[in-house]
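Topology and contacts: notes
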Amino acid sequence: MRTVVTPVAGSKTISRAVGLDPQNPRLLNDTALVMLYHLGNDLNEAEAQLQKAVTVGGKKLEEAPPVDKDEKQALEEAVGDAYLNLGKLYLEKKEKRDL
């Protein structure tokens, strides 16, 4: 038997995880993605989550990068993904303004 996770349930789960680790760029990015692509509800909050992911992750990379190669790569990918998703978000906001 498969368990089906709805976007709303997934969003609540990710939000709880972010609450436990609010400085985790991957969790911040993933929370924003659920808001953008599955719930489509709060673009401003999604933007804030993505900007926080970039800021927190960038600071970690500059000030105390992980020594472990895989952990460093995961952090770099999380920051890169957040930048990419910010670009998509800004494009979506622009398209809504142009309608």
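Criteria and thresholds
Residues numbered from 1 in each chain as written. Predicted model: local features only at pLDDT ≥ 70, side-chain atom pairs only at ≥ 80, totals over all residues. Heavy atoms only, no water. Helix = DSSP H or I, 4+ residues; strand = E, 2+ residues; numbered from the N terminus. Buried < 20%, exposed > 50% of the residue type's maximum accessible area, 1.4 Å probe, protein only. Areas by Shrake-Rupley, 256 points an atom, 1.4 Å probe, with all protein chains shown as cover. Expected span 1.5 Å × (residues − 1). Contact = heavy atoms within 4.5 Å. Salt bridge = Lys/Arg side-chain N within 4 Å of Asp/Glu carboxyl O. Polar contact = N/O pair within 3.5 Å; in protein donor to acceptor, adjacent residues only side chain to side chain.

What to know about the overall build of the protein
If you tally the helices and strands in the protein, you get four helices and zero strands. For the protein, the succession of helices and strands along the chain, N to C, is α-α-α-α. A total of 99 residues make up the protein; the buried ones form 32% of that total. Total accessible area on the protein is roughly 6,700 Å²; 55% of this is exposed by carbon and sulfur atoms.

Concerning helix H3 (residues 43-63)
Compared with an ideal rise of 1.5 Å per residue, which puts 21 residues at 30 Å, H3 spans 30 Å between its outermost C-alpha atoms and is within 8% of the ideal. Among the residues of H3, Leu43, Ala46, Glu47, Gln49, Leu50, Ala53, Val54, Val56, Gly57 and Gly58 are the ones counted as buried. Contacts from the buried residues of H3 go to helix H2 (25-39) and helix H4 (69-98).

Thoughts on the pattern of salt bridges
A full pass over the atoms with the stated rule returns two salt bridges. Between arginine 26 and aspartate 81 there is a salt bridge, with the nearest N and O atoms lying 2.9 Å from each other. Taken together, the residues arginine 26 in helix H2 and aspartate 81 in helix H4 connect sequence positions 55 residues apart. Aspartate 81 gets classed as partly exposed once you look at its relative accessible area, which sits at 29%. Through salt bridges with shared partners, a single network forms among Arg26, Asp30 and Asp81.

Regarding H4
Along its 30 residues, H4 runs 44 Å from first to last C-alpha, staying within 8% of the 44 Å computed at 1.5 Å per residue. Those residues of H4 that fall on the buried side of the exposure criterion are Leu75, Ala78, Val79, Ala82, Asn85, Leu86, Leu89 and Lys93. On its buried side, H4 packs onto H2 and H3. For H4, the N-terminal capping position is held by aspartate 68, with its side-chain oxygen 3.1 Å away from the main-chain nitrogen of aspartate 70.

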